[in-house]
Amino acid sequence: MPYQQKINLLDLDSSKLTQKISELALPVFTTKQIYQWIFQKHVLDFDLMTNISQKNRLILKQHFQINNIKDQKKITDQDNTQKYTLTLEDNHKIEMVSLPEKKYHTLCVSSQCGCPLNCQYCVTGLTGFQRDLKRSEILLQLLLALQDNQNINHIVFMGMGEPLLNVNQVLNAIKDITNPQKFNFSKRKITVSTSGIITGIQTLIQKNISLNLALSIGHPVAEKRRFIMPVEKNNPLKKIIPLLKEYLKIHNRKLTLEYTLLKGFNDQETTISELVNIAKFLSAKINLINLNPHPLIKYQPISGPEIIKIKKYIENQRVSVTIRYKKGHKINAGCGQLATSKDR
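Everything quoted here is computed from the prediction, not taken from an experiment. (Residues numbered from 1 in each chain as written. Predicted model: local features only at pLDDT ≥ 70, side-chain atom pairs only at ≥ 80, totals over all residues. Heavy atoms only, no water.)

Draft legend 1. Up close: the overall build of the protein chain. Along the backbone of the protein chain there are 11 helices and 14 strands. Against the 2.2 N^0.38 benchmark of 20 Å for 344 residues, the protein chain shows a C-alpha radius of gyration of 21 Å, consistent with a compact globule. A principal-axis box enclosing the C-alpha atoms of the protein chain has dimensions of 70 × 40 × 35 Å. Out of the 344 residues in the protein chain, the part that is buried amounts to 55%. If you take every contact in the protein chain between residues at least 6 apart in sequence, the share linking residues at least 24 apart comes to 66%. Surface accessibility of the protein chain: about 16,000 Å² in total, with carbon and sulfur atoms responsible for 49%. Within the protein chain, one finds 48 positive and 27 negative side-chain charges whose respective centroids are separated by 4 Å. (Helix = DSSP H or I, 4+ residues; strand = E, 2+ residues; numbered from the N terminus. Rg over C-alpha atoms; globule rule 2.2 N^0.38 Å. Buried < 20%, exposed > 50% of the residue type's maximum accessible area, 1.4 Å probe, protein only. Contact = heavy atoms within 4.5 Å. Areas by Shrake-Rupley, 256 points an atom, 1.4 Å probe, with all protein chains shown as cover. Lys, Arg positive; Asp, Glu negative; His and termini not counted. Charge placed at Lys NZ, Arg CZ, Asp CG, Glu CD.)

Written out as structure tokens, the structure is:
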């Protein structure tokens, strides 16, 4: 069977893999053996799965693949942030970032090659969109980080792309990440960031999926938001906010409002006051993100004292607020900096 026709084993759920194993006349316990090698030992090569017979390994290699990443490069910032650039099977590239915390790392994963939303403060959107990632390509990001001995404890879907535009593949990946037989992560340690895709949020409600969500606001006023986030046109805040209210009532999870500060555009006190009103309505916390500047972005960050002033103002309104301090921005691994275009 030609290489390109092989099934990526990571794209199959347990029942489908077991069915394929049965069709190949392999022992029924082969699925469990494979899972132990992949998800416990992070081994992605059938030849290294030594408790499977050589004959059966050959059969598996003829029909399946696991790691179809063609190339992997890693660079490290002085704060120990690590950015990986992965070349996929069709030569498209994605990036993921391992962010150091005190006792563990948070892995920021991508859900698309590029991004179609064209947010004006994000390099990913400004450099175009290629395609959605498959379930296997999302899972491989975590597996390759673990294989590289990264102590990953939290996962955030905040890399390249809009997760809720690829909602089915993202949900399939999260199902595997939280599966006790696979990665066994707690759902509470996974956060999905979205610019507000109505159909995606509706899917979460219809399928009764409980997730930690983070909503990128950009600007709390619709006409201003549309100027920097074209997604506002078809996914307006006036529809997103009540929909999120409904979702949060069902699942009782804390929502985060991600707010990237752009000097002279969304940092005025009246604008922050509107942001606070949204946070109060949704019982959400606010995460302030000072813009990471880039030649492709026409906006500038605000000063350090200004962001502290805004934080204090929000606190005085009795709304929970944090500041996302810069990590990895010197290697273009910061928020809004991920891109693999030649134009970056």
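Draft legend 2. Molecular detail of the environment of Tyr325. Along the polypeptide, Tyr325 turns up in the segment after strand S14 (321-324). Residue Tyr325 is classed as exposed on the basis of its relative accessible area of 59%. Distance from Tyr325 to Asp13, taken between C-alpha atoms, is 38 Å for residues 312 residues apart in sequence.

Draft legend 3. Local environment of the nonpolar core. Ranked by internal contacts, the top residues of the largest apolar core, which has 103 residues, are Ile38, Phe157, Leu257 and Leu288. No other element matches the 8 residues that helix H5 (residues 135-147) contributes to this core. Discounting chain neighbours no more than four positions away, the residues touching Phe157 are Val109, Ile138, Pro163, Val170, Ile174, Ile177, Ile190, Thr191, Val192 and Ser193. (Core = buried A, V, L, I, M, F, W, Y, C linked by side-chain atoms within 4.5 Å.)

Draft legend 4. Structural context of unusual backbone geometry. One non-glycine residue, Asn80, adopts positive backbone phi at about 75 degrees. If you trace the backbone, Asn80 turns up in the loop between strand S3 (71-76) and strand S4 (82-87). Overall, Asn80 belongs to the partly exposed group, its relative accessible area being 38%. Of note, Asn252 is a non-glycine position whose phi angle comes to about 55 degrees, a positive value. Turning to its location among the elements, Asn252 is positioned in the loop between helix H9 (237-251) and strand S12 (256-261). When its relative accessible area of 67% is taken as the criterion, Asn252 is described as exposed.

Draft legend 5. Quick look at the sheet that holds S4. Read from one edge to the other, the open sheet built from 10 strands follows the order S3-S4-S5-S6-S9-S10-S11-S12-S13-S14, with strand pairing classed as mixed. In the strand order of this sheet, the two ends are held by S3 and S14, each with one partner. Going across the sheet, the axis of each strand differs from the next one's by a mean of 25 degrees, ignoring polarity. Judged from the 4 bridges that link them, strand S6 (residues 105-108) and strand S9 (residues 152-157) form a sheet pairing that is parallel. Residue pairing in the sheet places His105 in a bridge with Ile152 of S9. Lying over the sheet, helix H10 (residues 269-282) contacts S12 and strand S13 (285-290), oriented at roughly 165 degrees with respect to S12. (Pairing = 2+ DSSP bridges. Axes fitted to C-alpha atoms, helices over the stretch in contact; angles between N-to-C directions.)

Draft legend 6. Highlighting the layout of surface pockets. Approximately 160 Å³ is the volume attributed to the second largest pocket. As for the second largest pocket, its lining consists of Asn168, Leu171, Asn172, Ile174, Lys175, Thr178, Lys187, Lys207, Ile209, Ser210 and Leu211. (1 Å grid on protein atoms, 1.4 Å probe; cavity = no way out; pocket = protein on both sides within 12 Å on 5 of 7 lines; lining within 4 Å. Points joined across faces, edges and corners; volume = space filled by probe spheres on them.)

Draft legend 7. Up close: the state of the cysteines. Applying the stated criterion across every chain, the model contains 0 disulfides. Distance from the sulfur of Cys115, which forms no disulfide, to the nearest cysteine sulfur (Cys119) is 6.3 Å. Residue Cys115 is classed as buried on the basis of its relative accessible area, which comes to 9%. (Disulfide = S-S within 2.5 Å.)

Draft legend 8. Fine view of a positive patch on the surface. A cluster of like positive charges, contributed by Arg226, Lys233, Lys238 and Lys239, occupies part of the molecular surface. Among the secondary structure elements, Lys238 is positioned in helix H9. (Patch = residues over 30% accessible without salt bridge, like charges linked within 9 Å, V, L, I, M, F, W, Y side chains within 5 Å. Salt bridge = Lys/Arg side-chain N within 4 Å of Asp/Glu carboxyl O.)

Draft legend 9. Geometry of the packing of helix H7 (residues 198-206) against H9. Where H7 meets H9, the closest approach of the two axes is 10 Å, and the angle between their N-to-C directions is 15 degrees. In terms of axis orientation, H7 runs roughly parallel to H9. Between H7 and H9 lies a crossing whose hand is left-handed. Here Ile198, Ile201, Gln202, Leu204 and Ile205 of H7 lie close against H9, whose contacting residues are Lys239, Ile240, Leu243, Leu244, Glu246, Tyr247 and Ile250. Its residues assigned to classes, the contact of H7 with H9 shows 9 nonpolar, 1 polar and 2 charged. (Parallel < 35°, antiparallel > 145°, perpendicular 65-115°, else oblique. Left-handed = near helix turned anticlockwise from the far one by under 90°. Nonpolar A, V, L, I, M, F, W, Y, C, P; charged D, E, K, R; others polar.)

Draft legend 10. Up close: the side chain of Gln33. You can see Gln33 is positioned in helix H2 (residues 30-40). Leaving out residues up to four positions away in the same chain, Gln33 has contacts with Asn51 and Ile52.

Draft legend 11. Molecular detail of H2. Counting buried residues along H2, 8 of its 11 residues qualify, which places the element largely inside the surrounding structure. Residues of H2 that are buried: Thr30, Thr31, Gln33, Ile34, Tyr35, Trp37, Ile38 and Phe39. Residues of H2 that are buried in the fold lie against helix H1 (14-23), helix H3 (54-63) and H5. Backbone geometry just after H2 places His42 at a positive phi near 60 degrees.

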